[in-house]
Amino acid sequence: MSAPDDRLAALRGQVREWGRDLRPLALEIDRDPEAIRRHFDLPAVRYLATMGIPAAYGHEPEKIDGHRFHGDSATERAVVMEELACADVGTLVAAPGPLLAGVAVGLLADERQKEWFYGRMLREPLWTCFALTEPDRGSDAGALTTALTPTPDGALLSGEKRYVGNASRARLAVVFARSRPGPLGITAVLVDTATPGFRAEPLDMIGLRGARISSIVMDEVPVPHEHVLGRHLPPTRRGVWGFVQTFNLLRPGVAAIAVGIARAAHEYVGAHRRTLTATERHRLDALGRRIDAARHLVRHAAAAVDARGGDGHLASAAKLRAARLAEDATMATCAFFGPGARLAHPLLDKLARDARAMEFLEGTANMQRLNLFQGLLGGRIDRAAPSPAAAI
Ligand SMILES: Cc1cc2nc3c(=O)[nH]c(=O)nc-3n(C[C@H](O)[C@H](O)[C@H](O)COP(=O)(O)OP(=O)(O)OC[C@H]3O[C@@H](n4cnc5c(N)ncnc54)[C@H](O)[C@@H]3O)c2cc1C
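Just so we're clear, the structure is a prediction, and the values are computed from it rather than from any experiment.

So, on to the site of the ligand. If you check the shell around the ligand, you find 16 residues, and the closest are F130, T133, S139, Y163 and T364. Here a nitrogen atom of the ligand and a backbone polar atom of F130 are 2.8 Å apart. Between the ligand and G165 there is a distance of 3.0 Å, counted from an oxygen atom to a backbone nitrogen or oxygen. Its free accessible area being 970 Å², the ligand has 68% of it covered by the protein chains. Looking at the shell around the ligand, the elements with two or more residues in it are strand 3 (128-131), strand 5 (154-164) and helix 12 (365-377). Looking at the shell around the ligand residue by residue, the class counts come to 10 nonpolar, six polar and no charged. Shared between two domains, the shell around the ligand takes at least three residues from each, and those domains are domain 2 (126-234) and domain 3 (239-391).

Pasting the structure below:
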């Protein structure tokens, strides 16, 4: 193995080991997503609580086999996400940590804002949320209407958000809002969710219940000047650029989560069916090859993001392929256990519900196709990578 491969193999081995604690929690967290509060001491949950915080802000790296990890590259995140999603995706998405909001802060915040945000994350495990989607504006996020109205001290935030992961328990939020018409009129702000006027309620979800998907209502939430993100950046590098780049950087990790769910389903057959017919063996092996191919694509997509500062086009191919794989794998796996599979095997039922949510998380399949085609037409996809067109 080459040095980078050694490094990633060490990370994968360690995270897989941590993941062993998560599988027994799967049905508990699915029933009661707040049960995660009893498991903050697990190594995987502790790692996620600070994953991605840069060393410059006092984040001690995780030391594994002589290598140091901050979880701040797409390649590292893809390894962690696949392994922990395979162990239990519900616990992975239930864990506190900076994830989407932390990446947005890394892109849009000035030094003082970063010190404030990352400092709070390092002091104690805190949930954060990234509030972009609105009730009637999901895929068309650029049309958002949450209002940011200037005041002498900063601004007032009013509007609604929906389907926001962990919002009902988040202490810190990155909220996207509009201060004037047009794409350059969108701004991101940091909100302490204890501020009067901010209310978030969990929605009753079928899949990925651990993520505590929530709705948010904001009624004249005061936002001080110092919590407005991107004031030191040119207008083209603020709101829309900020959420597009955040998605680009995290997309390989989202695709890796879907690969992890598919792998969990595949492994479930191996663990619960003692003998297989020749046809079944053939089907299971074919599924295993699809999982390996998807992981390969995710790895290339993560490398492209790391090498070219957030080029997420190949990652769209990976997310597209992996989300479809997760759905196919969980449904195909049910077929190994007969007509009552989802009743007799609650973990399989949960995997199938979780897999369905992957279609929507971070952009639907159609949105990924649009992004992928824009990349192909613009010549921005590395043709040496595994054929992205095969994902379409
Ligand atoms: C588990 C989960 C976690 C989430 N976490 C967050 C979060 O943390 N923060 C956040 O802000 N949001 C979050 N979301 C919301 C997510 O980003 C949206 O669900 C997603 O953007 C789709 O929006 P929508 O649900 O309104 O569907 P719509 O945009 O209404 O799409 C419905 C269908 O129409 C298709 N469609 C829409 N527009 C087009 C078009 N132009 N061309 C072709 N087809 C189109 C879509 O592909 C889809 O099939 C989460 C969602 C889920 C399920």
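If you check the domain split of the protein, you get domain 1 (3-110 + 115-121), domain 2 (126-234) and domain 3 (239-391). One C-alpha centre belongs to domain 1, the other to domain 2; they are set 24 Å apart. Each side of the interface is counted separately: domain 1 has 29 residues, and domain 2 has 23 residues. Here domain 1 meets domain 2 over a buried area of about 2,200 Å², counting both sides, of which 65% is carbon and sulfur. In terms of surface lost to domain 2, no three residues of domain 1 exceed L108, W116 and R120, which account for 26% of the buried area on that side. Applying the counting criterion to the domain 1 and domain 2 interface returns 10 residue pairs in polar contact (both at pLDDT 80 or more).

Here the focus is the side chain of S215. Secondary-structure assignment places S215 in strand 9 (residues 214-224). For S215, the residues in contact, after removing those within four places along its chain, are K161, R162, R199, A200, E201 and L203.

Bringing the nonpolar core into the picture now. Counting 104 residues, the largest nonpolar core has L157, V175 and F198 as its most contacted members. For this core, the element with the highest residue contribution is helix 7 (residues 239-272), accounting for 14 residues. Discounting chain neighbours no more than four positions away, the residues touching L157 are T146, A147, L148, V175, A177, V189, V191, M218, D219, E220, V221 and V223. Counting 24 residues, the second largest nonpolar core, distinct from the first, contains V105, M121, L132 and L190.

With a phi close to 65°, Y163 is a non-glycine residue in the positive phi region. Within the element layout of this structure, Y163 appears in strand 5. One non-glycine residue, N166, lies in positive phi territory at about 60°. Taking the relative accessible area as the measure of exposure, N166 reaches 9% and is therefore buried.

As a further point, take the environment of P43. Inspection of the secondary structure assignment puts P43 in helix 3 (residues 43-50). Classification of P43 by relative accessible area gives partly exposed; the value is 26%. With near-sequence residues (within four places) excluded, P43 lies in contact with W18 and D21.

Calculation rules
- Residues numbered from 1 in each chain as written.
- Predicted model: local features only at pLDDT ≥ 70, side-chain atom pairs only at ≥ 80, totals over all residues.
- Heavy atoms only, no water.
- Near = heavy atom within 4 Å.
- Polar contact = N/O pair within 3.5 Å; in protein donor to acceptor, adjacent residues only side chain to side chain.
- Areas by Shrake-Rupley, 256 points an atom, 1.4 Å probe, with all protein chains shown as cover.
- Helix = DSSP H or I, 4+ residues; strand = E, 2+ residues; numbered from the N terminus.
- Nonpolar A, V, L, I, M, F, W, Y, C, P; charged D, E, K, R; others polar.
- Domains from an automatic or database assignment.
- Contact = heavy atoms within 4.5 Å.
- Buried area = accessible area lost by both parts, 1.4 Å probe.
- Core = buried A, V, L, I, M, F, W, Y, C linked by side-chain atoms within 4.5 Å.
- Buried < 20%, exposed > 50% of the residue type's maximum accessible area, 1.4 Å probe, protein only.

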